[in-house]
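# Topology and contacts: notes
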Amino acid sequence: MNEKLKEKIRESMQSVLPITVIVLILCMTIVPMEVGTLLLFLTGAVLLIVGMGFFQLGTEIAMTPLGQGVGGRLVKSRKIWLIALVSFAVGAIITIAEPDLQVLANQVAAIPNQVLILTVAVGVGLFLVVAVLRILFGISLSKMLTVCYVLLFVLSFFTPSSFVAVAFDSGGVTTGPMTVPFIMALGVGLSAARSDKNSANDSFGLIALCSVGPILSVLLLGIFYHPSEAIYSAVELMPVATTHDVVLQFLYALPQYAKEILVSILPLAAVFVIFQALTRNYHRRQVLRMCVGIVYTYIGLVLFLTGVNVGFAPVGSLLGSGMAETALRWLLVPIGMVIGYYIVKAEPAVQVLNVQVEEITGGTVSRKMMNAALSIGVSCAVGLAMVRVLTGISIYWIILPGYALALILSFFVPKVFIGIAFDSGGVASGPMTSTFLLPLAMGACTAVGGNVVTDAFGIVALVALAPLIAIQIMGLVYAHKSKAVAAPAEPLPNEEIIELEED
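The sections below set out a description of the structure shown in this document. This structure is a prediction, so every number in the text was calculated from the model and none was measured. (Residues numbered from 1 in each chain as written. Predicted model: local features only at pLDDT ≥ 70, side-chain atom pairs only at ≥ 80, totals over all residues. Heavy atoms only, no water.)

### Description of the packing of aromatic side chains
Threshold: Planes of paired rings set the category: under 30 degrees apart is stacked, over 60 is edge-to-face and the rest tilted, where pairs are Phe, Tyr or Trp rings (Trp by its six-membered ring) whose centres lie within 6.5 Å. Secondary structure elements are taken from DSSP: a helix is a run of H or I of four residues or more, a strand is a run of E of two residues or more, and numbering for both begins at the N terminus. The rule is simple: take the accessible area with a 1.4 Å probe, protein chains only, and divide by the maximum for that residue type; under 20% is buried, over 50% is exposed, in between is partly exposed.
For the coordinates displayed, the defined rule picks out 13 aromatic pairs. The interplanar angle of 40° and the centroid separation of 4.6 Å between the aromatic rings of Phe-41 and Phe-312 together place this pair among those described as tilted. One end of the pair, Phe-41, is in helix α2 (residues 35–77); the other, Phe-312, is in helix α12 (residues 284–324), with 271 residues separating them in the sequence. Since its relative accessible area comes to 0%, Phe-41 is described here as buried. In this structure an aromatic cluster arises from ring pairing among Tyr-149, Phe-153, Phe-168, Tyr-403 and Phe-422.

### Quick notes on the pattern of salt bridges
So the rule is basically this: One side-chain nitrogen of Lys or Arg within 4 Å of one carboxyl oxygen of Asp or Glu is enough to make a salt bridge.
According to the stated counting rule, one finds four salt bridges in the structure shown. Across the salt bridge formed by Lys-4 and Glu-60, the nearest N and O atoms sit 3.7 Å from each other. Note that Lys-4 is positioned in helix α1 (residues 3–28) and Glu-60 in helix α2, a separation of 56 residues in sequence. Take Lys-4: its relative accessible area is 33%, and that puts it in the partly exposed class.

### Some thoughts on the layout of surface pockets
Regions of empty space are outlined by a rolling probe, equal in size to a water molecule, passed over the atoms. Heads up, the condition is: Both cavities and pockets are sets of points on a 1 Å grid over the protein atoms alone; in a cavity a 1.4 Å probe fits but cannot get out, in a pocket the set is open with protein on both sides within 12 Å along at least five of seven lines, and lining residues sit with an atom within 4 Å of a point. Grid points are joined across faces, edges and corners, and a volume is the space filled by probe spheres set on the points. Each residue gets one label: Ala, Val, Leu, Ile, Met, Phe, Trp, Tyr, Cys and Pro are nonpolar, Asp, Glu, Lys and Arg are charged, and the others, such as Gly, are polar.
In this structure, the second largest pocket spans a volume of roughly 490 Å³. What lines the second largest pocket is a set of 18 residues, and nearest its centre among them are Val-70, Leu-74, Val-86, Phe-275 and Leu-278. At the level of secondary structure, the elements contributing two or more residues to the lining of the second largest pocket comprise α2, α3 (80–97) and α11 (243–279). It is α11 that contributes the most residues to the lining of the second largest pocket, seven residues altogether. In terms of residue class, the lining of the second largest pocket is built from 14 nonpolar, two polar and two charged.

### Examining the nonpolar core
Put simply, the rule reads: By nonpolar core we mean a set of buried residues, namely Ala, Val, Leu, Ile, Met, Phe, Trp, Tyr and Cys, connected to one another through side-chain atoms within 4.5 Å.
Ranked by size, the top nonpolar core spans 160 residues in total, and within it Leu-319, Ile-339 and Phe-422 carry the most contacts. No other element matches the 16 residues that α2 contributes to this core.

### Topic: the environment of Phe-157
What counts, and what does not: Residues are treated as being in contact if the distance between any of their heavy atoms lies within 4.5 Å.
Relative to the helices and strands, Phe-157 is located in the loop between α6 (141–156) and α7 (161–173). Classification of Phe-157 by relative accessible area gives exposed; the value is 56%. As a C-alpha pair, Phe-157 and Leu-219 span 62 residues in sequence and 9.6 Å in three-dimensional space. Once you skip the residues sitting within four places of it in the chain, Phe-157 turns out to touch Tyr-396 and Leu-400.

Here is the structure:
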């Protein structure tokens, strides 16, 4: 086996193993499960680990070079209309291909699937254009984000309350494993071609602005369609009694996800073919290497999503309902926090972001620092989400002060941390959140008799919010330490200087 692939699989194992152990402990103590269900979960965990390994290697050798190549060529063209047109087309195409968006569309019964998908795709496309133009013209990211989020919150007051959580969840869902690697690399390519002293700082922020587009689009759809209720399908667990049943569950699901990911990856492959045909940007050896990378990305996503949806989602729902039905239902909060701490490391796009952050900052912001900040932030977010499930408090009580704090911090931290923080928000809320944490919250909410639409949904939005605050606080600490190290030593008082001379 490829040594690089082995390394990626080992890294994936380190990320997934903690959450697997936590679930096993819960199954043996608070929420007993049938052996077949447990085996389903463990098989899903194996697929998850192998899939993440393939996916990370695939994005490293295919998606990242492609995004950087497209970004660099766009800047060199010096044609604003062409840059805007290509950015919009790429943003819309990749969003339509995003597997997480398909899941969201299937769950929102109030709006036809294709209407929702196309509207969100247009939103992402438009805001990718905005993000690209911001990099080219060096516009302040903090000011632009402040304007965008003020607009979103004003608009949310005109949207039916039952639809607000869905809208904010969509911002995290649409920046998933397909869109993040390419769009991040596009930002790196654009800023590198600009080549000025602020270009590295401005390479971040594309994911942040692209996360605004879906929220805005879904809020407008909520107003337009006047949905009275957003109905979500509960996660169902098929009867599993033997190992044969377990194998059949995965064999039945595999073709479905293979087809979905094929539809998702074909537009990206088409972008690669058209770009290479027009520019001849890569030599033959690079083309072959990138083709292998696309295949690895495909295999990785198929295995990952099959493992998560078949093995993890049903168990998440069972854990949530099982814990909520006991007298110790408040344990949902601390247990949710522990799960949140480890689950963010299992998000495939998080590791892609962390590697790029470490490379672009020259190790100033390491993967270890990023993982720690994201884990702490998401842990707090999941804890708050579980409090919402148990108490039914409005999501506004959390996201309004949360985003206000994040935007205020953006005016005081080093610029590079603003882009990293807001990009991390979109990246942290990936498929693991939507297919494990969301069913966990839904199962618990159903068990306590709450409103799933208003109380359980919004967990993706909270997970997306947490890194905005956590990473920027890390930036403040880093800036403080840097000043302390750079400060010159204080001169001795005159008396002490004289005494030293006399000695």
